[in-house]
Amino acid sequence: MTASPTTPAPAPSRRRHDREILALAVPAFGALVAEPLFLMADSAIVGHLGTPQLAGVGVASAALSTATGVFVFLAYATTAAVARRIGAGDRRGAVQQGIDGIWLALGLAVPVVLLTLVLAPWAADALGASATAAPHAVTYLRISSLGIPAMLMVLAATGVLRGLQDTRTPLVVAVAGFAANIGLNVGLVYGAGLGVAGSAWGTVLAQTGMAAAYLVVVVRGARREGASLRPDTAGIRASARAGGPLLVRTISLRAVLMTATAVAARLGDDQVAAHQITMALFNFLAFALDAIAIAGQAIIGRCLGASDAPGARAATRRMVEWGIVSGLVLGLLVVLARPLYVPLFTPDPAVRAQLDTALLLLALTQPVAGLVFVLDGVLMGAGDGPYLAWAGLATLAVFVPVALAVPATGTGLAGLWWAMNLFMLLRAGFLAWRARGGKWLVTGAVRG
């Protein structure tokens, strides 16, 4: 007997959901931290060359993350589409859908590479690189841009494997890529004496190796299932249509974070330093919660592809429970572990004083964040991108005036993080309202 949407799932069903969520979420978390670890490793190795070099790589990394981060929809949309076909029993169609996503990634990469090469000096200046750091930023950014096709292919191929209910292979590839990145960087920066350029080339080579590994897996799968490797215009166009709304959603979220940073910069040096530390923790905690969301994308897409709407509801309910409990645990850790991690970030008493309130507010919203991340993943898995786009824009429209008013109110960093909490609450409201309804529960191999 299937549990109704308003009653708890039976214990055996809950245990099955728990095993499935863990099997997908734990490896996904490991793969999620790969890209930040790439940038951290680059910074650690380049840091020994000198302050201008480190500053230049920091600026270039921020530009590169922005240029590629908006295309995360390549992973999200592909996961949902592939998972639907898996649920419908169409494994060949699932692999074909994934190949179309990879071709879309390659098509998008070409203009991004060209723009990055041309606009590298402008980007370094816009991000405030000093006269001594700017040449290093431009060098790193231009060389690293050559790895953008590989980076976008990795996003799309990761989505293929997640849709196929495989998050272990992305973890293996991410770990191997991280290890190769460190070895190449050390060898090229110091052994070959290439400096900042060596760091950039090391990362490009590591990312290219990761893309090649994914291609081997996908090509083998295509041959096994009889799927074509040639670009299909209709399939690529369908992938773009599915990803477009998620691009809008991602841009709106990044606009919120950029607005918060801009407001913090107007509050003073102590406040902006404390804000950056709090944001670093915010981003790290997001990886843990996003791992459950990735499980949601794969599970919900598969359930709806199999026309199992009650199963999708039951899985959603269990993942929401996981998200809220995980958020509560993470929030407690943020508060209780402050004496351990705050000294690692700053010895400045003034910055620590600002951190106290900001970290408490960050901790306060983590259970809400758990709900938000899970439902975000659920609706992505359902292919409900247009709603997520409109919800993102509506949240942005409310957040921006509230955040911009913070300096005038005199509430300082605490006021800014109350605004960030409002942002999370608004997202939770929009997503929970949608999830309670039934419009997202569209079943079938392809969402109409």
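Rules used in this analysis
- Residues numbered from 1 in each chain as written.
- Predicted model: local features only at pLDDT ≥ 70, side-chain atom pairs only at ≥ 80, totals over all residues.
- Heavy atoms only, no water.
- Helix = DSSP H or I, 4+ residues; strand = E, 2+ residues; numbered from the N terminus.
- Rg over C-alpha atoms; globule rule 2.2 N^0.38 Å.
- Buried < 20%, exposed > 50% of the residue type's maximum accessible area, 1.4 Å probe, protein only.
- Contact = heavy atoms within 4.5 Å.
- Areas by Shrake-Rupley, 256 points an atom, 1.4 Å probe, with all protein chains shown as cover.
- Lys, Arg positive; Asp, Glu negative; His and termini not counted.
- Charge placed at Lys NZ, Arg CZ, Asp CG, Glu CD.
- Salt bridge = Lys/Arg side-chain N within 4 Å of Asp/Glu carboxyl O.
- Polar contact = N/O pair within 3.5 Å; in protein donor to acceptor, adjacent residues only side chain to side chain.
- Phe/Tyr/Trp six-rings, centres within 6.5 Å; stacked < 30°, edge-to-face > 60°.
- Patch = residues over 30% accessible without salt bridge, like charges linked within 9 Å, V, L, I, M, F, W, Y side chains within 5 Å.
- Axes fitted to C-alpha atoms, helices over the stretch in contact; angles between N-to-C directions.
- Parallel < 35°, antiparallel > 145°, perpendicular 65-115°, else oblique.
- Left-handed = near helix turned anticlockwise from the far one by under 90°.
- Nonpolar A, V, L, I, M, F, W, Y, C, P; charged D, E, K, R; others polar.
- Core = buried A, V, L, I, M, F, W, Y, C linked by side-chain atoms within 4.5 Å.

A. Spatial organisation of the overall build of the chain. A tally of regular secondary structure across the chain gives 18 helices and 0 strands. Over its C-alpha atoms the chain spans a radius of gyration of 22 Å, differing by no more than 12% from the 22 Å that the globule rule assigns to 448 residues. Projected onto its principal axes, the C-alpha coordinates of the chain cover approximately 65 × 50 × 35 Å. Here the chain, with 448 residues, has 52% of them falling under the buried criterion. Here the contacts in the chain between residues at least 6 apart in sequence split such that 84% fall between residues at least 24 apart. Here the chain displays about 18,800 Å² of accessible surface, and carbon together with sulfur accounts for 69% of that area. Where the 31 positive side-chain charges of the chain centre and where its 19 negative ones centre are 9 Å apart.

B. Local environment of the pattern of salt bridges. Overall, the coordinates contain 11 salt bridges when judged by the stated rule. The closest approach of N and O atoms between Asp-90 and Arg-85, which form a salt bridge, is 3.2 Å. Looking at Asp-90, the relative accessible area reads 29%, which means it is partly exposed. On the accessibility criterion, Arg-85 (18% relative accessible area) is buried. One salt bridge connects Asp-384 with Arg-447, and the closest N-O pair in it is separated by 3.4 Å. Highlighted residues: Asp-384 in the loop between α15 (366–381) and α16 (385–404) and Arg-447 in the segment after α18 (412–436), separated in sequence by 63 residues. A relative accessible area of 2% means that Asp-384 is categorised as buried.

C. Summary view of the environment of Gln-165. Mapped onto the elements of the fold, Gln-165 is located in the loop between α7 (148–163) and α8 (168–191). Given the relative accessible area of 22%, Gln-165 is considered partly exposed. Residue contacts for Gln-165: discarding those within four places in its chain leaves Glu-20, Leu-24, Ala-83, Ala-298, Ile-299 and Arg-302. There is a polar contact of 3.3 Å between the side chain of Gln-165 and the backbone oxygen of Ala-298. Here the side chain of Gln-165 touches Arg-302 through a polar contact of 3.0 Å, side chain to side chain.

D. Focus on the packing of aromatic side chains. Taken as a whole and judged by the stated rule, the model has 5 aromatic pairs. For the pair Phe-29 and Phe-284, a centre-to-centre distance of 6.4 Å together with 80 degrees between the ring planes defines the contact as edge-to-face. With a gap of 255 residues between them, Phe-29 in helix α1 (residues 11–32) and Phe-284 in helix α11 (residues 269–305) connect regions that are remote in the sequence. Classification of Phe-284 by relative accessible area gives partly exposed; the value is 47%. Between Tyr-387 and Trp-433, the aromatic rings sit 6.3 Å apart at their centres with planes inclined by 25 degrees, giving stacked as the arrangement.

E. Geometry of the side chain of Thr-250. Within the secondary structure, Thr-250 sits in helix α10 (residues 233–265). Within the structure, the side chain of Thr-250 is placed 3.3 Å from the side chain of Arg-249, a separation counted as a polar contact. Those residues in contact with Thr-250 that sit more than four places away from it in its chain are Gly-69, Val-70 and Val-72.

F. Representation of the side chain of Asp-290 in the model. Tracing the chain through its elements places Asp-290 in helix α11. The side chain of Asp-290 is buried and forms no salt bridge, while Arg-249, the nearest opposite charge, is found at 6.1 Å.

G. Focus on the environment of Leu-375. Within the secondary structure layout, Leu-375 lies in helix α15. Between the C-alpha atom of Leu-375 and that of Asp-166, which follows or precedes it by 209 residues, the distance is 21 Å.

H. Up close: a nonpolar patch on the surface. A cluster of nonpolar side chains, Leu-115, Val-118, Leu-119 and Trp-122, forms an exposed patch at the surface whose accessible area comes to about 460 Å². Inspection of the secondary structure puts Trp-122 in helix α5 (residues 91–126). Residue Trp-122 is classed as exposed on the basis of its relative accessible area, which comes to 58%.

I. Broad picture of the packing of helix α4 (residues 73–87) against α10. Contact geometry for α4 and α10: axes closest at 9 Å, N-to-C directions at 135 degrees. Relative to α10, α4 is oriented oblique. In the crossing of α4 with α10, the sense of the turn from one axis to the other is right-handed. Residues Phe-73, Tyr-76 and Ala-77 of α4 form the contact with α10, whose own contacting residues are Ala-242, Gly-243, Leu-246, Leu-247 and Arg-249. Class assignment for the residues of the contact of α4 with α10 results in 6 nonpolar, 1 polar and 1 charged.

J. Region of the structure containing the nonpolar core. Ile-300, Met-319 and Trp-417 are the most contacted members of the largest nonpolar core, which has 128 residues in total. In terms of residues, this core owes the most to one element, α11, which gives 17 residues. Residues in contact with Trp-417, not counting those within four places in the same chain, are His-275, Thr-278, Met-279, Phe-282, Ala-358, Leu-361 and Leu-362.

K. Fine view of the packing of α5 against α10. Closest axis-to-axis distance for the α5/α10 pair is 8 Å, and the angle between their directions is 75 degrees. Put simply, α5 runs roughly perpendicular to α10. Every residue of α10 that contacts α5 at Gln-97, Asp-100, Gly-101, Trp-103 and Leu-104 is listed here: Gly-235, Ile-236, Ser-239 and Ala-240. Of the residues that constitute the contact of α5 with α10, the class distribution is 4 nonpolar, 4 polar and 1 charged.

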